[in-house]
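Here's the letter readout for the chains.
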Amino acid sequence: REKFRKFTFGKHFFATVQECCKNRSDLAEKLLRAIIETIDEQKLQDTHWLRTGKGGNEPQRKRGPDAAWRRDIDNEYHLHYWESEKGSVEFANMVTHNDFSITE
């Protein structure tokens, strides 16, 4: 645990996981892998800013000093999370490919 960055789960995280996983039993293992890769800062090529709009030049979404990120779980699902300036992570949502929302 000391090796990893500090992390928390947002208030709606587990509800979004339940919704996404109800028809896909293989997603739990993929989600766990994505969480571990995030807190251990692995496979950063699978992450990118969660932007304020759909355009490639849109700025990164912010919540005060926290920055919104999106990590691939697979081709259909993504993990959205907040990263603080100090490096801790708050996992906010698990979403489908075309969903760019994140719980504030």
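Residues numbered from 1 in each chain as written. Predicted model: local features only at pLDDT ≥ 70, side-chain atom pairs only at ≥ 80, totals over all residues. Heavy atoms only, no water.

1. Describing the environment of Pro65
Here is step 1: Assignment of secondary structure puts Pro65 in the loop between β3 (62–63) and β4 (66–72).
Here is step 2: As a C-alpha pair, Pro65 and Gly10 span 55 residues in sequence and 17 Å in three-dimensional space.
Here is step 3: Beyond its immediate sequence surroundings of up to four residues, Pro65 is in contact with Glu83 and Glu85. (Helix = DSSP H or I, 4+ residues; strand = E, 2+ residues; numbered from the N terminus. Contact = heavy atoms within 4.5 Å.)

2. A closer look at the pattern of salt bridges
Here is step 1: Under the definition given, this model contains 13 salt bridges.
Here is step 2: With a closest N to O distance of 2.9 Å, Lys22 and Glu19 form a salt bridge.
Here is step 3: Classification of Lys22 by relative accessible area gives exposed; the value is 54%.
Here is step 4: Its salt-bridge partner being Asp74, residue Lys30 comes within 3.6 Å of it at the nearest N-O pair. With a gap of 44 residues between them, Lys30 in helix α2 (residues 27–39) and Asp74 in the loop between β4 and β5 (77–83) connect regions that are remote in the sequence.
Here is step 5: Relative accessible area serves as the criterion here: at 25%, Lys30 is assigned to the partly exposed category. (Salt bridge = Lys/Arg side-chain N within 4 Å of Asp/Glu carboxyl O. Buried < 20%, exposed > 50% of the residue type's maximum accessible area, 1.4 Å probe, protein only.)

3. Points about the nonpolar core
Here is step 1: Grouped together as the largest cluster of nonpolar side chains are 18 residues, with contacts concentrated most on Phe13, Leu31, Ile73, Leu79, Phe91 and Met94.
Here is step 2: For this core, the secondary-structure elements that each account for two or more residues are α1 (13–21), α2, β4, β5 and β6 (89–96).
Here is step 3: Among the elements that make up this core, the one with the highest residue count is α2 (five residues).
Here is step 4: What Phe13 contacts, discounting residues up to four positions off in sequence, is Leu31, Ile35, Leu79, Phe91, Ala92, Asn93 and Met94.
Here is step 5: Residues Leu50, Ala68, Ala92 and Ile102 belong to the second largest nonpolar core, which totals five residues. (Core = buried A, V, L, I, M, F, W, Y, C linked by side-chain atoms within 4.5 Å.)

4. What about the packing of aromatic side chains?
Here is step 1: Per the counting criterion, the structure on display carries eight aromatic pairs.
Here is step 2: For the pair Phe7 and Phe9, a centre-to-centre distance of 5.8 Å together with 85° between the ring planes defines the contact as edge-to-face.
Here is step 3: Taken together, a centroid distance of 6.1 Å and an interplanar angle of 55° make the contact between Tyr81 and Phe91 tilted. Here Phe91 lies in strand β6 and Tyr81 lies in strand β5, a separation of ten residues in the sequence.
Here is step 4: Classification of Tyr81 as buried rests on a relative accessible area of 3%.
Here is step 5: Taken together, Phe7, Phe9, Phe13, Phe14, Tyr81 and Phe91 form an aromatic cluster joined through their ring pairs. (Phe/Tyr/Trp six-rings, centres within 6.5 Å; stacked < 30°, edge-to-face > 60°.)

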